[in-house]
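These are the residues of each chain, in order.
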Amino acid sequence: RQARIRALAAVFFFNDAATTEIYAHHDTLSLHDPLPISKHPLVSPRAHCDSAVLADSSPARLPVFSASGMQDWIDWAPYRRHGGTWAIQTKRGCPMPCNYCTYPDIEGRTFRRRTAEDVVDEIEAVQHSIAPRTFEFVDSTFNLPETHALGICEEIIRRGLKVNLTTMGINPRSVSPELFALMKCAGFNSMMITPEAGNDSMLRNLDKGFDMQDVRRTAALARASGLHSTWFFMLGGPGDTRATVDE
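Residues numbered from 1 in each chain as written. Predicted model: local features only at pLDDT ≥ 70, side-chain atom pairs only at ≥ 80, totals over all residues. Heavy atoms only, no water.

The residue Thr 194 is located in strand β6 (residues 190–196) in this model. On the basis of relative accessibility, which here comes to 13%, the residue Thr 194 falls in the buried class. Apart from the residues lying within four places of it in its own chain, the contact partners of Thr 194 are Gly 169, Ile 170, Asn 171, Pro 172, Lys 208, Phe 210 and Phe 232. (Helix = DSSP H or I, 4+ residues; strand = E, 2+ residues; numbered from the N terminus. Buried < 20%, exposed > 50% of the residue type's maximum accessible area, 1.4 Å probe, protein only. Contact = heavy atoms within 4.5 Å.)

It is worth spelling out helix α7 (residues 146–159) at this point. An ideal rise of 1.5 Å per residue puts 20 Å on 14 residues; α7 measures up with 20 Å between its terminal C-alpha atoms. Those residues of α7 that fall on the buried side of the exposure criterion are Glu 146, His 148, Ala 149, Leu 150, Ile 152, Cys 153, Glu 155 and Ile 156. Tucked inside the fold, the buried residues of α7 contact β2 (91–92), β3 (112–113), α6 (116–129), β4 (135–137), β5 (165–167) and α8 (177–186). Note on α7: the residue one or two positions beyond its end, Gly 160, has a positive phi of about 70 degrees. (Expected span 1.5 Å × (residues − 1).)

Here the focus is the pattern of salt bridges. By the definition in use, this model includes 10 salt bridges. Here Arg 109 ties to Asp 105 by a salt bridge, and the two come within 3.5 Å at their closest N and O atoms. The exposed category is assigned to Arg 109, whose relative accessible area is 51%. When its relative accessible area of 47% is taken as the criterion, Asp 105 is described as partly exposed. Two residues, Arg 114 and Asp 118, come together in a salt bridge whose shortest N-O distance is 2.8 Å. (Salt bridge = Lys/Arg side-chain N within 4 Å of Asp/Glu carboxyl O.)

Okay, the sheet that holds strand β1 (residues 86–88) next. Pairing in this open sheet of 3 strands is parallel, and the strands run β1-β4-β5 from one edge to the other. On the outer flanks of this sheet lie β1 and β5, each paired with one strand and no other. Between one strand axis and the next, the sheet turns through 30 degrees on average, direction left out of account. Here β1 pairs with β4 via 3 bridges, running parallel. (Pairing = 2+ DSSP bridges. Axes fitted to C-alpha atoms, helices over the stretch in contact; angles between N-to-C directions.)

A few words on the confidence of the model for the chain. Averaged over all residues, the pLDDT of the chain equals 82, while 74% of them reach at least 70. A low-confidence stretch, residues 29–58 stays under pLDDT 50, and its non-local contacts, those more than four residues away or across chains, total 55 contacts. (pLDDT = per-residue confidence, 0-100.)

With the exception of glycine, most residues fall at negative phi, and the peptide bonds are largely trans. For the bond from Leu 144 to Pro 145, the omega torsion is -10 degrees, close enough to zero to count as cis. Following the sequence through the fold, Pro 145 ends up in the loop between β4 and α7. For Ala 131, which is not a glycine, the phi torsion comes out positive at approximately 55 degrees. Mapped onto the elements of the fold, Ala 131 is located in the loop between α6 and β4.

Relative to the 20 Å expected for 14 residues at 1.5 Å per residue, helix α10 (residues 212–225) spans 20 Å between its end C-alpha atoms, a close match to the ideal helical length. All buried positions along α10 are accounted for by Met 212, Val 215, Thr 218, Leu 221, Ala 222 and Ser 225. Measuring from the backbone nitrogen of Gln 213 back to the side-chain oxygen at the start of α10 gives 3.1 Å, which picks out Asp 211 as the cap. (Polar contact = N/O pair within 3.5 Å; in protein donor to acceptor, adjacent residues only side chain to side chain.)

Another point: the pairing of β6. For a regular strand, side chains alternate in direction, first toward one face of the sheet and then toward the other. β6 sits mainly inside the fold: 7 of its 7 residues count as buried. On β6, burial covers both faces: Ser 190, Met 192, Thr 194 and Glu 196 on one face and Met 191, Ile 193 and Pro 195 on the other are all buried. Bridge count between β6 and strand β7 (residues 228–233): 5 bridges; the pairing is parallel. In the strand pairing of β7, Met 192 is matched with Thr 230.

Next up, the structure:
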């Protein structure tokens, strides 16, 4: 079951109506059944993947980690009608020790970063050919390291691109007024902040690597920046009680 979940996760994007529908209609697939994604209305017939290959093989490393080329195998029109965002991944891997997270197992425990120029080349090309309503950075943590996020924002600003941007995974461990200011100038109108817990005991239990002082500071900076933010909290972790949830 775990291998099958990883195989499916390797194919589909997060927060995607198509993903939800495929899981709902194909939850009886065995591990070695080919995934029927080529028949789904939101996926191009050119897309094909054998879940057995994904499940039985170690994660392959591409010779070059670069643009996804998603426009070559995704029919974007249905996503556009449903308000989809265009996924941009600027790096893979995560060295953080969060004890509930599968990202390090899926992508590795060290950062493999694209250059700011390469990332913005992709944004510029997709904006010219597809013009999605919003580009969404889908790194596990967009702002780690912060210098990487700053470099991407600076490159977007330098080129004068007029794009709408959002991101998942703002980690309170490394946030500065400069980061949020540059994000706003680059075209960000929202962000997702991921403390996961709202008290020090649970942050320690989850091995988050920051404390409530960092969380409160991030909240103050986010509020001052004017960027809309969605905050992610998890319930039911190790040691979570009614008292910690209320806090």
